[in-house]
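Coordinates in review
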Amino acid sequence: MAVVHTTPAKVRPPDSDTHPPRALILTGCHGGAGTSTLARLLGDAADSGLGLPQPPWLPLVLVTRGTPHGANRATWVLERARAAGIAPHALVVVSDGPWPEPRLATLRLRLLGSLVPVIVRLPYVTRWRYVDDPVADTVPRRVVRALDQIRSATRIPQGGST
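Figured I'd write up the structure that's included with this text. (Residues numbered from 1 in each chain as written. Predicted model: local features only at pLDDT ≥ 70, side-chain atom pairs only at ≥ 80, totals over all residues. Heavy atoms only, no water.)

Observations regarding helix 2 (residues 68-83)
Think of an α-helix as turning once every 3.6 residues; residues three or four places apart then point the same way. Compared with an ideal rise of 1.5 Å per residue, which puts 16 residues at 22 Å, helix 2 spans 23 Å between its outermost C-alpha atoms and is within 8% of the ideal. Every buried residue of helix 2 is listed here: G70, A71, R73, A74, V77, L78 and A81. Taken end-on, helix 2 shows its buried residues confined to a sector of 160 degrees, consistent with a single buried face. Buried residues along helix 2 sit in contact with strand 3 (60-65), strand 4 (90-94) and helix 3 (103-112). (Helix = DSSP H or I, 4+ residues; strand = E, 2+ residues; numbered from the N terminus. Expected span 1.5 Å × (residues − 1). Buried < 20%, exposed > 50% of the residue type's maximum accessible area, 1.4 Å probe, protein only. Arc of directions from axis to C-beta. Contact = heavy atoms within 4.5 Å.)

Notes on the nonpolar core
Membership of the largest hydrophobic core comes to 22 residues, with the highest contact counts inside it found for L26, L38, L42, V92, L122, L147 and I150. If you list the elements that add at least two residues to this core, you get strand 1 (24-28), helix 1 (35-42), strand 3, strand 4, strand 5 (119-122) and helix 4 (141-153). Top contributing element to this core by residue count: helix 4, with five residues. In this structure, L38 is in contact with L26, V63, V92, L122, L147 and I150, ignoring residues within four places of it in sequence. By size, the runner-up hydrophobic cluster in this structure holds 17 residues, among which are V77, A81, L112 and V116. (Core = buried A, V, L, I, M, F, W, Y, C linked by side-chain atoms within 4.5 Å.)

Structure, rendered in structure tokens:
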């Protein structure tokens, strides 16, 4: 049975005296999507868990795994976001292994491309399976490129708003 979150996420704007400024909000489309690790890799992202922030005070990025289930959950979360008047800035697809993405996931995610401005693929890093803290390990260039794509997708034009 799927877990359905009906209440908004309890994400509040950070207190500037005790928390570093955040540049964006990450919301997982399902448990185990990789949102917490991604937030640590970005360094300036707030992790809202599985609930959509109401309303997001920063650019919103949805995170899912590159699996059929992940793509299905991303579709579901995007529908809820659009119904709530929330327009995510990007969808990050976290690879779940060194093998190719399942065809069904690829097809579903391709359809979502019309609902979000950018889909960013975060590659799988085999070495991170064997370390205590992947964020403390060396970040491969292909991951750095994906992080840069996320930051670029969430930049708000001068004088603009979310």
